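Each chain, letter by letter, is given below.
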Amino acid sequence: MPRKFQKPSAKFLWLIVAAIFVAVPLWAPDPYFLRIFALASIFSVFALSWNLLAGYAGQISFGHAFFFGGAAYASAMLNLHSGIPPPLSIFLSAIICGVAGLILGYPCLRVKGPYFVLMTWCFPLILISAVIMYFGEIFGGDMGLSGFQGISSSSTINYYGSLLILALAVFISTVVVNSRLGLILRAVRDNEIVAESVGINISKYKILIFGLSGFIAGVAGAYLAHFNKTISPELLVVEMSLLVIIMTTVGGIGSIAGPIVGGFLVTFLDNYLGYIADVRLIIYGLAIVAIVFARPQGLLPWSPKIKLRGLGK
Amino acid sequence: MILLQGINLSKHFGGLAAVDDVSFEINQGEIVGLIGPNGAGKTTLINLLTGTLYKDGGKVIFKGRDITKIKPYQTTPIGICRTFQMATSFPGMSVWENIKVATLVKAKSIDPDEQARQVMELIGLREYADLLPTQLPYGDLKRLDIARALATSPELLLLDEPFSGLAIPEIRAIATGLQGITNQGVTLLIIEHVLRELMPLVDRLIVLNFGQKIAEGSPQSVVRDEKVIEAYLGREESYAA
Amino acid sequence: MLLEVKDLTVHYGKARALDSVGLSVDSGQIVSVIGPNGAGKSTLLRTISGLVPPTSGGVQFKGKKLDGLSPAEIVKHGIAHCPEGRKVFPRMTVMENLRLGAYTRKDDISSELDYVLSLFPILKERQGQGAGTLSGGEQGMLSISRGLMLKPSLLLVDEPTLGLAPMLSVELGNKLKRIPEEGVSILLVEQNARLAFAISQRCYVLEHGRVIIQGPSQQVEQDPHVRESYLGL
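This is a predicted model, so every value here is computed, not measured.

Asker: Can you lay out the overall build of chain B for me, pointing to particular residues and giving the numbers?
Answerer: Counting secondary structure elements, chain B contains 9 helices and 10 strands. For 241 residues, the compact-globule estimate of 2.2 N^0.38 gives 18 Å, and chain B sits close to it at 18 Å. Counting every position in chain B, which comprises 241 residues, the buried fraction comes to 50%. Counted over contacts in chain B with a minimum sequence separation of 6, partners at least 24 positions apart contribute 66%.

Asker: I'd love a proper account of the overall build of chain A, names of residues and values included.
Answerer: Helix and strand counts for chain A stand at 13 helices and 2 strands. When each of the 313 residues of chain A is scored for burial, the buried share is 48%.

Asker: Before we move on, can you summarise the domain arrangement of chain B with the specific residues and values?
Answerer: Often, the extent of an interface is quoted as the loss of accessible area on bringing the components together. All names here are of chain B. Structurally, chain B comprises domain 1 (1–79 + 154–235) and domain 2 (81–153). Here the C-alpha centroids of domain 1 and domain 2 sit 23 Å apart. Contacts between domain 1 and domain 2 engage 19 residues on the former and 16 residues on the latter. Breaking the side of domain 1 that touches domain 2 down by element, the ones donating at least two residues are α1 (42–50), α2 (72–78), β7 (156–160) and α6 (168–183).

Asker: Now, about the interface of chain B and chain A: what can you tell me, with residues and values included?
Answerer: At the junction of the two partners, chain B supplies 25 residues and chain A supplies 23 residues. For the side of chain B that touches chain A, the secondary-structure elements that each account for two or more residues are α2, β6 (80–82) and α3 (95–103) of chain B. Across the side of chain B that touches chain A, the residue classes break down as 13 nonpolar, 6 polar and 6 charged.

Asker: I'd like to hear about the arrangement of the chains, residue by residue, with values.
Answerer: Across the 2 pairs of chains in contact, the largest number of contacts is found between chains B and C. Kept free of each other, chain A and chain C leave a smallest C-alpha distance of 18 Å between them.

Asker: Can you explain the pairing of strand β4 (residues 57–62) of chain B? Please cite residues and give values.
Answerer: All names here are of chain B. Note: strand β1 (residues 2–13) against β4, 5 bridges, orientation antiparallel. Bridged to glutamine 5 within β4 is isoleucine 61. Hairpin connection, β4 to strand β5 (residues 65–66): the antiparallel pair is bridged by 2 residues, and lysine 63 has positive phi, about 50°.

Asker: Outline the confidence of the model for chain B, listing residues and values.
Answerer: Residues of chain B with pLDDT of at least 70 account for 100%, and the chain-wide mean is 93. Confidence estimates for the predicted assembly give a pTM of 0.85 and an ipTM of 0.91.

Asker: Tell me about the sheet that holds strand β4 (residues 56–61) of chain C, and please be specific about residues and values.
Answerer: Residue and element names in this part refer to chain C. One open sheet holds the 4 strands; their spatial order is β2-β1-β4-β5, and the pairing between them is antiparallel. Across the chains shown, the open sheet's two edge strands, defined by having one partner strand only, are β2 (15–25) and β5 (64–65). Across 5 bridges, the pairing between strand β1 (residues 3–12) and β4 is antiparallel. When the bridges of β4 are listed, valine 5 appears paired with valine 59.

Asker: Can you tell me about the sheet that holds strand β10 (residues 210–216) of chain C, naming the residues and giving the values?
Answerer: Residues and elements named next belong to chain C. If you trace the 6 strands from one edge of the open sheet to the other, you get β6-β7-β8-β3-β9-β10, paired in mixed fashion. Of all strands in the sheet, those with a lone pairing partner are β6 (79–82) and β10, marking the two edges. Within this sheet the neighbouring strands show an average axis-to-axis angle of 15°, counted without direction. The strands touched by helix α6 (residues 136–148) are β6 and β7 (154–158); relative to β6, the strand with the most contacts, the crossing angle is about 165°.

Asker: Please set out the packing of helix α3 (residues 65–82) of chain A against helix α5 (residues 113–134) of chain A residue by residue, giving values where relevant.
Answerer: Residue and element names in this part refer to chain A. α5 packs onto α3 with a crossing angle of 30° between their chain directions and a minimal axis gap of 8 Å. The orientation of α3 with respect to α5, classified from their angle, is roughly parallel. Crossing hand, α3 versus α5: left-handed. Where α3 approaches α5, its residues Ala65, Phe66, Gly69, Gly70 and Tyr73 are matched on the opposing element by Phe123, Pro124, Leu127 and Val131. Residue classes in the contact of α3 with α5 are distributed as 7 nonpolar, 2 polar and no charged.

Asker: Which residues make up the pairing of β7 of chain B, and what values do they have?
Answerer: Residue and element names in this part refer to chain B. Within β7, 5 of the 5 residues are buried, which leaves the element mostly enclosed by the surrounding structure. Here β7 shows a buried face lined by Leu156, Leu158 and Asp160 and a second buried face lined by Leu157 and Leu159. The pairing of β6 with β7 spans 3 bridges and is classified as parallel. For isoleucine 80, the partnering residue across the bridge sits in β7 and is leucine 156. Two strands pair when backbone bridges link them, and β7 and strand β8 (residues 187–191) are joined in this way by 5 bridges, in the parallel orientation. Bridge pairing in β8 links leucine 159 to isoleucine 190. Between the parallel elements β7 and β8, the chain passes through α6 in a crossover that is right-handed.

Asker: Quick rundown of the environment of glutamine 59 of chain A? Include the residues and the values.
Answerer: Residues and elements named next belong to chain A. Note that glutamine 59 resides in the loop between α2 (31–57) and α3. A count of 26 C-beta atoms within 10 Å places glutamine 59 in the buried class. Measuring from C-alpha to C-alpha, the distance between glutamine 59 and phenylalanine 210 comes to 8.8 Å, with 151 residues separating the pair along the chain. Contact partners of glutamine 59, with chain neighbours within four places excluded, come to Leu53, Ala54, Phe116 and Lys206.

Asker: Go over unusual backbone geometry with me, naming the residues and quoting the values.
Answerer: Residue and element names in this part refer to chain C. At lysine 62, a residue that is not glycine, the phi angle is positive and equals roughly 50°. Here lysine 62 lies in the loop between β4 and β5. Judged by C-beta crowding, with 15 C-beta atoms within 10 Å, lysine 62 ranks as partly exposed.

Asker: Could you give me a rundown of helix α4 (residues 112–123) of chain B, with the residues and numbers involved?
Answerer: Residues and elements named next belong to chain B. Between the first and last C-alpha of α4 there are 16 Å, a value that for 12 residues agrees with the 16 Å anticipated at 1.5 Å per step. Residues Gln115, Ala116, Val119, Met120 and Ile123 constitute the buried set of α4. Taken down its axis, α4 places every buried residue within 135° of arc, on the same side. Exposed residues lying more than 90 degrees from the buried face of α4 are Asp113, Glu114 and Glu121. Looking at the buried residues of α4, the elements they touch are α3, α5 (138–150) and α6. Phi turns positive, to about 85°, at glycine 124, one or two residues after α4.

About the criteria used
- Residues numbered from 1 in each chain as written.
- Chains lettered and ligands numbered in written order.
- Predicted model: local features only at pLDDT ≥ 70, side-chain atom pairs only at ≥ 80, totals over all residues.
- Helix = DSSP H or I, 4+ residues; strand = E, 2+ residues; numbered from the N terminus.
- Rg over C-alpha atoms; globule rule 2.2 N^0.38 Å.
- Buried ≥ 20, exposed ≤ 12 C-beta atoms within 10 Å, placed from the backbone.
- Contact = placed C-beta atoms within 7 Å.
- Domains from an automatic or database assignment.
- Nonpolar A, V, L, I, M, F, W, Y, C, P; charged D, E, K, R; others polar.
- Pairing = 2+ DSSP bridges.
- pLDDT = per-residue confidence, 0-100.
- Axes fitted to C-alpha atoms, helices over the stretch in contact; angles between N-to-C directions.
- Parallel < 35°, antiparallel > 145°, perpendicular 65-115°, else oblique.
- Left-handed = near helix turned anticlockwise from the far one by under 90°.
- Right-handed = clockwise from strand over helix to strand, strands pointing away.
- Expected span 1.5 Å × (residues − 1).
- Arc of directions from axis to C-beta.

If you want it as structure tokens, here you go:
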């Protein structure tokens, strides 16, 4: 009997990758490279958060920038106005996003597929209106905010901070996936009706994962704010929501390595091929179409094919 | 002991009565067949029992407790589990995982791994443990359905056409398996059309037609009931020459 | 022989629906296929009209093999299929449904139109109404009329009396009985065995994908195995 394709010695691979990542500042060619690497880590965390929702609960969110950008603003504001230092402000902002996820999850997850997509699409728009238009003076409007604290003056420490949150995101994802919770979530993703028939309260779990996903995206967004020491409504626009979808899809939905591969690929391409900035969304769009048709499980050779409901099949 | 009671259950779709004032009882340890022509309301009745559909009227009592307003995911923890007409599964999870996730509903009182292992042995799916459901032959997919339902430690199993799509030898294997399950103390309510294979299995039959219960009793008495014969073969009418 | 089905085996994915089924229909006949639910009766019709590909065996119509032909091509050969559940176009009028039935024809359809409207006067009465507003029985008549508009040599009718009250079933059965007078043969799939016996000349009993009884309808009607096939005992 054929066996399901097993990853080659996973732990070993992870260890090697971790070693490389930790050693980067030693062999990094220049500060710019280090910075891009850190950004890639941050966006990988963002991608992992989306992956948790899509790949394990089967919910395709088109508005994840809500948590990402929302946490960035929350953390910046907490620091600017309440003087709360970055590590704590990041943590608090992430918690706020997590709770927001739990609250928003309730209406969002009662609706099916395309309507869920629409609802998630709307939430960042609401936030953008608040930030730019209605409370522009408080939130800095179009220009955004700056003048709040950064993580550290050392680029090396900033880099290791990004690794830390990446490790956290990987840890949480691994625990979720390998636990009973992961089993239940995959059941919810695969077949809601049968999941109900074996006693799973699908609403409860979908809301839970929405909250967890929001928390992780919040960690990434808030960290980014202090990493760049400036934020703008750019963090809330639909392109940001699409970017994380692109990263995760290209790398491979449903695995843990996939979103990281996608996050790194897209971030490096984005920053080193700056001259294609204007057409990059077209390129990414085409990439998504190509991937969905040719290799829906993403670029990694051993990712399982997962059927996602929501937009058709 | 009466395990399940359906009292005056009704469900309308528009003007059509899909289930029309149906009452019945299932006793512990019984194998009861729920039969009737196409469209008689059998699956709708199961959907009413599990809370998948809202009831327009009537009550459901399980082990003395009124479960009329229950939601589908709440039926499993109290001991009721159902299967579906088409073979279903969690396609992205292995056979072992399919069964194990079903054991989790009773995780507080049993050891999930042990329960999953036992169910796999009982149904005979051990060799398929690491395979994905898509790699299984259809007959084994249907057995996986039953294994998954059994993994929830049910007292009452509601099976919707467990024989459909199978060849006779496979049907007989499943029927034997179901006998084995009752020996473990599980009560069965089975919807089926393949009556030739259902009859030797059941203690009692409930017959629906056009949403109403038209007959009930032992297989021998039910097949002689003129109303049942009419339901299946049509009424004696006079047609033009 | 108008239609000949030889050794037909059909699978839906991994599940076997028909097993070496053979039957024939002659010109001017009504042949019925009865049997318990799930026996494969609908599958049989759907295979003949090209909607489902056979695993093995074949169908011959007017001496020509229908292997590999698309449903549209099979329609052009003169086989019309009235599917299970009637399946009229609900948002179109009765008349539009009828005209659609003759879609592939380029000749004058007025005589067929007159025929079906006289066979089913209620359709003439409701010709401007939306088909979705018709009752179940009327939709059944519309479905059959739509098939007749093709001027087919063979009409495949799938459970026309499903869900109909007994009186309407009788009425529909009587109408069906008259259709061969116009040179159209019928292969009728029915769960209502007694109706099938009353209006068809020959009958096949299908159980679990296999033909277990066949012969002249009057003969099959007397066979106790028919009841056993439906009821299991």
